[in-house]
Amino acid sequence: MEGRMRTKVLGTGMYVPPKVVTNDDLAKFMTTTDDWIVERTGIKTRRYTEGEVGASDLAYEAALQACRSAGIEPSSIDLIIFATLSPDYGFPGSGVLLQAKLGAKDIPALDVRNQCSGFLYGLSVADALIRTGQYQRVLLVGAEVHSTGLDFSDRGRDVAVLFGDGAGAVMLGPVDAEEKRGILVTRLHSDGSHAKDLWLEAPASRYSPRLTKEMIDEGRHYPKMNGKRVFVDAVRSMPAVVEECLAAAGLNIADIDLFIAHQANLRICNAVQERLGLDDTKVFNNIQKYGNTTAGSIPIALHEAAAEGRIKKGGLVCVASFGSGYTWAGALIRW
Ligand SMILES: CC(C)(COP(=O)(O)OP(=O)(O)OC[C@H]1O[C@@H](n2cnc3c(N)ncnc32)[C@H](O)[C@@H]1OP(=O)(O)O)[C@@H](O)C(=O)NCCC(=O)NCCS
């Protein structure tokens, strides 16, 4: 049932740490080359944190920018949704850490952990809560610190070259549906039979103790990926969820003004673009600069695309994600 309210993006923000890491820098730790990485992934640089910096620290900077861009004081946020697969600590989640840093007193902080789809899962929840009138100023953040958890030896080089640190944020609030703007559709999916095709095994509550010296020696505390399988499934699933969103909204591919795929790998993004038949003027990618920032990738791209004037008021923005879980998702936003 179409309600009276929709959810609008009131502002965007992003933050990446200042340290730029090139492919040649990685080649100092592992057997790889700039050519191999650029050809297979499109990634030229990524950002890494230095010192003791957690996902909530990156999120804080992105959140402040989203607040400024929306003209909203952090004290008037009434819900935080924080998507990350790399929380500062085992528990509590990074949401409460961000809540404390922002001084957003007593408000709820919901942690979402759906990896590369975390931002879109969070967007879907925020949209539902705003449309029912329960919350008016929802800060949704996706933030990751990957660099402290990657295997920089040859054993982990297939995964390590892909990921980077960064955070993106959006401020969301209600808009009258009459305005014909805001989030039109979200669609979420998962298939846990592929959980181990892209996963981080330990520390694990299934084991006692959760992490042993042997497990560390075997590298079981590092992410593992069945890269070829993930590639194929990402290229199949993202176009499918885009088609599903368009059908639900009664729109066509030609109606999309800007498409942003989760920045997993430029070859995946290009293959998805090709399947959808979108020309370059309708697609935004920035993985070349930041690598795969997982839950941060879509809000970072939204922020940059908006800042570069690629998203116009009233334009139809389509976003899609795919990642560990598997989880995949899509959304259509009338900006
Ligand atoms: C990871 C990925 C780039 C690897 O590309 P690929 O074409 O599948 O490469 P392969 O796995 O066939 O590996 C080819 C060779 O390169 C080697 N290799 C792996 N990583 C390497 C690196 N960083 N540098 C150099 N060589 C590397 C492999 O060991 C393999 O060597 P071998 O032939 O001697 O066994 C690709 O599978 C991929 O992008 N998958 C999807 C990943 C992704 O997007 N994940 C996130 C989703 S959210």
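Basis of the calculations
Residues numbered from 1 in each chain as written. Predicted model: local features only at pLDDT ≥ 70, side-chain atom pairs only at ≥ 80, totals over all residues. Heavy atoms only, no water. Near = heavy atom within 4 Å. Polar contact = N/O pair within 3.5 Å; in protein donor to acceptor, adjacent residues only side chain to side chain. Areas by Shrake-Rupley, 256 points an atom, 1.4 Å probe, with all protein chains shown as cover. Helix = DSSP H or I, 4+ residues; strand = E, 2+ residues; numbered from the N terminus. Nonpolar A, V, L, I, M, F, W, Y, C, P; charged D, E, K, R; others polar. Buried < 20%, exposed > 50% of the residue type's maximum accessible area, 1.4 Å probe, protein only. Pairing = 2+ DSSP bridges. Right-handed = clockwise from strand over helix to strand, strands pointing away. Contact = heavy atoms within 4.5 Å. Salt bridge = Lys/Arg side-chain N within 4 Å of Asp/Glu carboxyl O. Expected span 1.5 Å × (residues − 1). Axes fitted to C-alpha atoms, helices over the stretch in contact; angles between N-to-C directions. Parallel < 35°, antiparallel > 145°, perpendicular 65-115°, else oblique. Left-handed = near helix turned anticlockwise from the far one by under 90°. Core = buried A, V, L, I, M, F, W, Y, C linked by side-chain atoms within 4.5 Å.

**Student:** How would you sum up the site of the ligand? Please name residues and give values.
**Tutor:** The local shell around the ligand holds 23 residues, among which Thr 32, Arg 40, Gly 227, Lys 228 and Asn 265 are the closest. Between the ligand and Arg 40 there is a distance of 2.6 Å, counted from an oxygen atom to a side-chain nitrogen or oxygen. Measuring from a nitrogen atom of the ligand, one finds a backbone N or O atom of Gly 227 at 2.9 Å. Protein contact buries 73% of the 950 Å² of open area that the ligand shows by itself. Mapped by element, the contributors of at least two residues to the shell around the ligand are helix H2 (34-41), helix H6 (157-160), helix H8 (227-249) and strand S12 (316-323). Each residue belonging to the shell around the ligand can be placed in one class, and the counts come to 11 nonpolar, 8 polar and 4 charged.

**Student:** Account for the pairing of strand S4 (residues 79-83), with residues named and values stated.
**Tutor:** With respect to burial, S4 is a largely interior element, 5 of its 5 residues being buried. By the alternation rule, side chains of S4 split into Leu 79, Ile 81 and Ala 83 and Ile 80 and Phe 82, which are all buried. Here S4 runs beside strand S6 (residues 138-144); their pairing, made up of 5 bridges, is parallel. From the neighbouring strand, Ile 80 faces S6, where its bridge partner is Leu 139. Both S4 and strand S5 (residues 109-112) contribute to a ladder of 4 bridges, which runs parallel. For Ala 83, the partnering residue across the bridge sits in S5 and is Val 112. For the crossover that starts at S4, traverses helix H4 (residues 94-102) and ends in the parallel S5, the hand is right-handed.

**Student:** Quick rundown of the environment of Asn 285? Include the residues and the values.
**Tutor:** Topologically, Asn 285 is positioned in the loop between helix H9 (266-276) and helix H10 (287-290). Beyond its immediate stretch of four places on either side in the chain, Asn 285 contacts Gln 263, Leu 266, Cys 269 and Asn 270.

**Student:** I'd like to hear about the pattern of salt bridges, residue by residue, with values.
**Tutor:** Applying the stated rule across the entire model yields 14 salt bridges. A salt bridge links Glu 179 to Arg 181, with the shortest nitrogen-to-oxygen separation between them at 3.9 Å. What makes Glu 179 partly exposed here is its relative accessible area of 43%. Note on Arg 181: relative accessible area 14%, which makes it buried. With a closest N to O distance of 3.7 Å, Glu 244 and Arg 187 form a salt bridge. With Glu 244 in helix H8 and Arg 187 in strand S8 (residues 182-190), this pair connects stretches of sequence that are 57 residues apart. Given a relative accessible area of 29%, Glu 244 falls into the partly exposed group. On the basis of relative accessibility, which here comes to 31%, the residue Arg 187 falls in the partly exposed class. A single network of salt bridges, built from pairs that share partners, joins Glu 201, Glu 218 and Arg 220.

**Student:** Just give me the short version of helix H3 (residues 55-70), but keep the residues and values in it.
**Tutor:** Because an α-helix packs 3.6 residues into every turn, residues spaced three or four apart end up facing the same way. Across its 16 residues, H3 extends 22 Å between first and last C-alpha, which sits within 8% of the 22 Å expected from 1.5 Å per residue. Taken together, the buried residues of H3 touch strand S1 (5-15), S4, H4, S6 and strand S7 (166-176). At the exit of H3 stands Gly 71, carrying a positive phi of roughly 70°.

**Student:** Lay out the packing of H8 against H9 with the relevant residues and their values.
**Tutor:** Remark: H8 packs on H9, axes separated minimally by 9 Å, with the N-to-C direction vectors making an angle of 40°. Here H8 is positioned oblique relative to H9, judged by the angle of their axes. Viewed along their axes, H8 and H9 form a crossing whose handedness is right-handed. Where H8 abuts H9, its residues Phe 231, Ala 234, Val 235, Arg 236, Met 238, Pro 239, Val 242 and Glu 243 lie against Arg 267, Ile 268, Ala 271, Val 272, Arg 275 and Leu 276. When the residues that make up the contact of H8 with H9 are grouped by side-chain class, the tally is 10 nonpolar, no polar and 4 charged.

**Student:** If you had to explain the nonpolar core to someone new, which residues and values would you point to?
**Tutor:** Where a protein is soluble and globular, its nonpolar side chains tend to be buried together. Ranked by internal contacts, the top residues of the largest apolar core, which has 32 residues, are Leu 120, Leu 123, Val 138, Leu 172, Ile 260, Leu 302 and Val 319. Of all elements in the fold, only S4, helix H5 (118-131), S6, S7, strand S11 (258-261), helix H11 (297-307), S12 and strand S13 (327-334) reach the threshold of two or more residues within this core. Apart from the residues lying within four places of it in its own chain, the contact partners of Ile 260 are Phe 284, Ala 301, Leu 302, Ala 305, Cys 318, Val 319 and Ala 320.

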